[in-house]
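Residues per chain, in single letters:
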Amino acid sequence: MLRLGLRLTLRSGREAFVRLAVTTAAVAVGVALLLGVLAEFHAFQAQSNQPCWACTSGDPVPATLPASGELWNNSVDFYQGQTLTRLDVAALGADAPVLPGISKLPAAGQFYASPALAALLRTVPADELGDRFPGTMIGTIGQAGLTGPGQLAVYIGSTPTALNAIDGTTWVTSIGTAPASEVFTPFFRYAFGIGVLAVLFPMLVLISTATRLAASRREERFAALRLVGGTPADIRMIAAVESVVSAFFGAVVGVVIWLLVQPLVAGGALIGTQYFSSTVTPAAWEYAAIVIGVPVIALIAALVSLRRVQISPLGVSRRTTPKRPTFWRLIVLALGVAVYLYGLSVTSHQSIGAATYPGLLLTMVGLVVAGPWFTWATARLFGSVSRGAAPLLASRRLADNPKAAFRSVTGLVLAVFLGTMVGALVPAVNSTEASPTNGALSNVLLDQVGMSGPAATRLLGGLSAIGGASVYPFYTAGLPAAGTGGGGSGPGRPAGKGGSGGGVAGNGSNRSGGGVQIGPGKALAGGVTVVSCAVMRELAVLGQCAPGVAAVQTQDGSMFGDNPLYNTQPFVGASNDPYHGSLAGLPLQAVLVRVNSPATLERVRTYLAVNAPPQVAAGQGQSPTPPRTFGETLQIRTQRADTLENLVYAAVALTLIVAGCSLAVAVGGGLVDRKRPFTLLRVSGTGVGVLSAVVLLEAAVPLAAATVLAAGIAYGTSVLAFVRLAPAGTAIPQLGHDYYALMGAGLVIAFGVIAVTLPLLRRMTLPGNVRFE
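From a predicted model like this one, the values you see are computed outputs, not experimental measurements.

Colleague: Explain the overall build of the chain here, please?
Modeller: Along the chain, the regular secondary structure elements total 21 helices and 13 strands. Per-residue burial over the chain gives 50% buried out of 773 residues. In the chain, the share of contacts with a sequence separation of at least 24, taken over all contacts with a separation of at least 6, comes to 81%. Carbon and sulfur atoms form 63% of the exposed surface of the chain, whose accessible area is close to 33100 Å².

Colleague: Quick question: what am I supposed to make of the pattern of salt bridges here?
Modeller: Between side chains of opposite charge, pairing is possible as soon as their charged atoms come close. Counted by the stated rule, this structure contains 7 salt bridges. Measuring nitrogen to oxygen at the nearest pair gives 3.5 Å for the salt bridge that ties arginine 397 to glutamate 698. Remark: glutamate 698 occurs in helix α20 (residues 688-725) and arginine 397 occurs in helix α11 (residues 389-400); sequence separation between them is 301 residues. Looking at glutamate 698, the relative accessible area reads 9%, which means it is buried. Between arginine 605 and glutamate 632 there is a salt bridge whose closest N-O contact spans 2.8 Å. Within this pair, whereas arginine 605 is found in helix α17 (residues 598-611), its partner glutamate 632 is found in helix α18 (residues 630-673), the two being separated by 27 residues in sequence. Just as arginine 605 is buried, glutamate 632 falls in that class too. A single network of salt bridges, built from pairs that share partners, joins Asp77, Arg132, Glu602, Arg605 and Glu632.

Colleague: Hey, could you run me through the sheet that holds strand β6 (residues 152-157) in this one?
Modeller: The pairing of strands in a sheet comes from backbone hydrogen bonds and takes either a parallel or an antiparallel form. Here we have 7 strands laid out as an open sheet, ordered β1-β7-β2-β3-β6-β4-β5, and mixed in their pairing. The sheet is open, and its two edges are formed by β1 (59-60) and β5 (136-140), each paired on a single side. Where strand β2 (residues 70-79) lies against strand β3 (residues 82-91), 10 bridges are found, and the strand directions are antiparallel. Bridge assignment links tyrosine 79 to a residue of β3, and that residue is glutamine 82.

Colleague: Any chance you could explain a nonpolar patch on the surface here in plain terms?
Modeller: A contiguous nonpolar surface patch, about 760 Å² in accessible area, is contributed by Phe248, Phe249, Val252, Val253, Val256, Ile257, Leu260, Val261 and Leu264. When you line up the elements, valine 256 lands in helix α7 (residues 232-267). The class of valine 256 is partly exposed, set by a relative accessible area of 42%.

Colleague: Mind showing me how you'd approach the state of the cysteines here?
Modeller: Chemically, a disulfide is nothing more than a covalent bond linking the sulfur atoms of two cysteines. Scanning the model with the defined rule gives 2 disulfides in all. The partner cysteine of cysteine 533 in its disulfide is cysteine 545, sulfur to sulfur 2.2 Å. Residues cysteine 533 and cysteine 545 are joined through a disulfide that is left-handed, its torsion about the S-S bond being -105°. A residue pair is termed long-range when its members are at least 10 positions apart, and cysteine 533 in helix α16 (residues 533-538) and cysteine 545 in the loop between α16 and β11 (551-554) qualify at 12 residues. Using a relative accessible area of 2% as the deciding quantity, one classes cysteine 533 as buried. Residue classification places cysteine 545 among the buried residues on the basis of a relative accessible area of 18%. Across the chain, the disulfide pattern expressed with sequentially numbered bonded cysteines is 1-2, 3-4.

Colleague: Even after reading the chapter, I still don't get the nonpolar core, so can you show me in this structure?
Modeller: In summary, soluble globular proteins display a tendency toward joint burial of nonpolar side chains. Leu367, Val409, Phe417, Val652, Leu663, Phe678 and Val695 are the most contacted members of the largest nonpolar core, which totals 56 residues. Secondary structure elements with two or more residues in this core: α9 (330-346), α10 (357-385), α11, α12 (402-407), α13 (410-433), α18, α20 and α21 (737-764). No other element matches α20, which puts 14 residues into this core. In terms of nonpolar packing, the next biggest core, distinct from the first, is built from 26 residues, Leu463, Tyr475, Tyr579 and Val591 among them.

Colleague: How should I be thinking about the side chain of threonine 600 in this particular structure?
Modeller: You can see threonine 600 is positioned in helix α17. The residues touching threonine 600, leaving out its near neighbours within four places in the chain, are Ile466, Gly467, Gly468, Ala469 and Val595.

Colleague: Teacher, can you tell me more about the packing of α9 against α10 here?
Modeller: Contact pair α9 / α10: the axes reach a minimum separation of 7 Å and the direction vectors enclose 155°. Classified by the angle between their axes, α9 and α10 sit roughly antiparallel to one another. As for how α9 packs across α10, the hand of that crossing is left-handed. Contacts from Leu330, Val332, Leu333, Leu335, Gly336, Val337, Val339 and Tyr340 in α9 reach Pro358, Gly359, Leu360, Leu362, Thr363, Val365, Gly366, Leu367, Val369, Ala370, Trp373 and Phe374 in α10. Taken together, the residues that form the contact of α9 with α10 break down as 16 nonpolar, 4 polar and no charged.

Colleague: I keep staring at α7 and nothing clicks. Help me out?
Modeller: Compared with the 52 Å implied by 1.5 Å per residue over 36 residues, the 52 Å span of α7 between its first and last C-alpha is a close match. In α7, a bend of some 45° at valine 261 exceeds every other bend along the element, and proline 263, a proline, comes one to four places later.

Colleague: So what exactly am I meant to see when it comes to the packing of aromatic side chains here?
Modeller: How two aromatic rings sit relative to each other is set out by the distance from centre to centre and by the angle between their planes. For the structure shown, the criterion picks out 9 aromatic pairs. Here the aromatic rings of phenylalanine 248 and phenylalanine 249 are separated by 6.4 Å at their centres, their planes lie at 50°, and the arrangement is tilted. Residue classification places phenylalanine 249 among the partly exposed residues on the basis of a relative accessible area of 37%. The ring of tryptophan 376 carries the charged tip of arginine 324 above its face, separated from the ring centre by 4.3 Å.

Colleague: How should I be thinking about unusual backbone geometry in this particular structure?
Modeller: Glycine aside, residues mostly have negative phi angles, and peptide bonds mostly take the trans form. One non-glycine residue, glutamine 80, lies in the positive phi region at around 50°. Along the polypeptide, glutamine 80 turns up in the loop between β2 and β3.

Colleague: I'm lost on the pairing of strand β8 (residues 444-451) in this one. Help?
Modeller: For a regular strand, the rule is simple: side chains alternate between the two faces of the sheet. Taken across its 8 residues, β8 has 7 buried, putting it largely inside the fold. Bridging between β8 and strand β13 (residues 628-629) involves 2 bridges; their strand directions are antiparallel. The partner of leucine 445 across the bridge, within β13, is threonine 629.

Colleague: Help me out: how do you make sense of the pairing of β3 in this one?
Modeller: The buried fraction of β3 amounts to 7 of the 10 residues, a majority that puts the element mostly inside the structure. As consecutive antiparallel partners, β2 and β3 are separated by 2 residues, and within that stretch glutamine 80 has a phi angle of approximately 50°, a positive value. Pairing between β3 and β6: 6 bridges, direction parallel. From the neighbouring strand, valine 89 faces β6, where its bridge partner is glycine 157.

Colleague: I would appreciate a short explanation of the sheet that holds β8 in the present structure.
Modeller: Spatial ordering of the open sheet is given by β11-β10-β9-β12-β8-β13, a layout of 6 strands whose pairing is antiparallel. The sheet is open, and its two borders are formed by β11 and β13, each paired with just one other strand. Packed on one face of the sheet, α17 meets β8, β9 (469-477), β12 (588-595) and β13 and runs near 10° to β8.

Colleague: I tried to follow the confidence of the model for the chain on my own but got confused; where do I start?
Modeller: Parts of the prediction with low pLDDT should not have their coordinates interpreted in detail. With 73% of its residues at a pLDDT of 70 or more, the chain has an overall mean of 76. For the chain, per-element mean pLDDT is lowest for helix α5 (residues 185-211), which scores 63, and highest for strand β4 (residues 110-113), which scores 96. Long-range and interchain partners of residues 479-526, a stretch whose pLDDT sits below 50, account for 121 contacts in this model, where long-range means more than four residues apart. A low-confidence stretch, residues 616-623 (pLDDT under 50), is modelled with 18 contacts involving residues beyond four sequence positions or located in other chains.

Colleague: Before we go on, may I ask you to explain the packing of helix α15 (residues 453-464) against α17 in this structure?
Modeller: Any two packed helices are characterised by the angle at which their axes cross and by the distance between the axes. Taken N-terminus to C-terminus, the directions of α15 and α17 make an angle of 160°; their axes are 10 Å apart at the nearest point. The orientation of α15 relative to α17 falls into the category roughly antiparallel. The hand of the α15/α17 crossing is right-handed. From α15, Arg458, Leu459, Gly462 and Leu463 reach across to α17, where they touch Val604, Tyr607, Leu608 and Asn611. When its residues are assigned to classes, the contact of α15 with α17 shows 5 nonpolar, 2 polar and 1 charged.

Reading the values: rules and limits
- Residues numbered from 1 in each chain as written.
- Predicted model: local features only at pLDDT ≥ 70, side-chain atom pairs only at ≥ 80, totals over all residues.
- Heavy atoms only, no water.
- Helix = DSSP H or I, 4+ residues; strand = E, 2+ residues; numbered from the N terminus.
- Buried < 20%, exposed > 50% of the residue type's maximum accessible area, 1.4 Å probe, protein only.
- Contact = heavy atoms within 4.5 Å.
- Areas by Shrake-Rupley, 256 points an atom, 1.4 Å probe, with all protein chains shown as cover.
- Salt bridge = Lys/Arg side-chain N within 4 Å of Asp/Glu carboxyl O.
- Pairing = 2+ DSSP bridges.
- Patch = residues over 30% accessible without salt bridge, like charges linked within 9 Å, V, L, I, M, F, W, Y side chains within 5 Å.
- Disulfide = S-S within 2.5 Å.
- Core = buried A, V, L, I, M, F, W, Y, C linked by side-chain atoms within 4.5 Å.
- Axes fitted to C-alpha atoms, helices over the stretch in contact; angles between N-to-C directions.
- Parallel < 35°, antiparallel > 145°, perpendicular 65-115°, else oblique.
- Left-handed = near helix turned anticlockwise from the far one by under 90°.
- Nonpolar A, V, L, I, M, F, W, Y, C, P; charged D, E, K, R; others polar.
- Expected span 1.5 Å × (residues − 1).
- Bend = angle between axes of the 7 residues up to and from the residue.
- Phe/Tyr/Trp six-rings, centres within 6.5 Å; stacked < 30°, edge-to-face > 60°.
- Lys NZ or Arg CZ within 6 Å of the ring centre and 35° of its normal.
- pLDDT = per-residue confidence, 0-100.

So this is what it looks like as structure tokens:
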């Protein structure tokens, strides 16, 4: 039977060869896409688990410099919206640990740069970037010291004495090897899991549909074999061989396709993050699991599809209508929504929605389980309200076998569900942090300099001399008198790495996100911020002084935070106490610089890096917030949501491709199965237009029902999540242009696939084909 099965599969005519080729191609597409998703996930895992040298926690430098270890001053800079990691290092002895990615520590006057930064240094003017790094570049940092090929990083050598003079320098004797502790890593891992499932489910449907291609025609031939003496075991063996061979060929071809496109995928940034090409690959066991598992899935699907012809040799002729789906199929969907609502009720901003993921996954499964019932109900409703031969034939066939009808659109259902959720939530979340004020300050850079005397004067003069830069200084004065207005204490020192600015908001509102709440009129060491009212007129969105006042004092530190919801709120008003002294003698606390171009921005940032390097208060042990624009601050806050959006949209796009292939196979296979009845209908006088309308409606009705169902549930759950977590009074999220473009493209692909099969219908039903074998 094994040899007979191979012969029937490989050498039994054109129809068998076409079936084998189509099945192989469909399975290959699904396998290649699944390997791509697994490769991206593997790269993400490799990046997440990479040892984080920058997370090393050093000790305070002893009064007498030790003879072992090394001194570190770790800081962060920016270039054109990209984070630039900078480490100033000085060896204290021969046993100083070597940083990952290099063979030896840089000496004073030397530095190593990442390949991406080295490329910029060769092309960007020195006053925009290169002048920030003293010395000569002696090499590049290897992969072990970087999180990705596009990372900007630099190791700068220094002398122990010079580095020890910079506040925030620490003594390091061993470099940390643990992965970075990122709160959003589990968040993206769950999102990747959802993306894998979103592609895996449709791919399984595609494989099942492809291996059951022209099932009715095959069943007739298998029944004929029964009539000539074949046993049920023989039929199962032949069917198994046919399915396993085509699926195995498809899996192998899919692996070959993936290996050919892997360099292109590795060189791109499908979800907004570029990984090292060596990590963008599935594990060896995943290759093996796919090559073995896909044929097994195909085998199971083939045997299940033949269960009706194993009753007797005449089983095909005595085929009965499958049982219609029952209302109980909705239980899984209802349970999924309930679990989601419970997870939403216990989630918070700190849990980043992790409690809702089980409900989302169960809801996706529920959509697949409940789909046949909704298809049946829609077909019955469509048949009762429609008139004409085509709607009648289509609705009767859909109601007769809604499982098969829904199977071909399962992938589109999941794509619509995920796309709708992301399309509703991500733009809404980002819009809560964006505001007109953010736009007005997007090109304004903020730097906390903490300088006084001639150095502060020289700094302001140097910044003002840069063409295209407008400088707005903020000063620090002594403690306010009791009863002063304007809120709590302003920031007295730079914020820590990734911090919220260290400011303290008064009037019971901790707007800066990182300070201690104090009431109005309470004094706090560090004094108050003093600003000229002429400066505030240039920065009108941040508030206005009372009429006739030359300068005001404020303790509201919200401007120095990193939360766009707060750091662009007005912090000066008519209630602020005036400042009557001279601003010239006050210490310079911070500067705001409005720039007219990206090049000017980088020149300003380079000037500040050289003449006002970030300082960290003694003992704080954290990197200061680098000078960056309000627009960059907003970008940092929103890029995580954008990465999630890119991730899920990539999964949706892949799902649409798989679903389109599945729909093509299902529609084409349905035409082959009904070659005889369609030809007889055409010979008896039914027009080709009517038959084409039947095929179109059979695909469009379940597709429309599934789309409405998935989009409705996804949008409803998104609105509930947004209402639960968004600030009060925030507008209900609306679907954006990207969503409509993606979903529209998916529907166009679906109906385009159906339209491609219609010419095949005309050729198959020619009157000359009325004589069947």
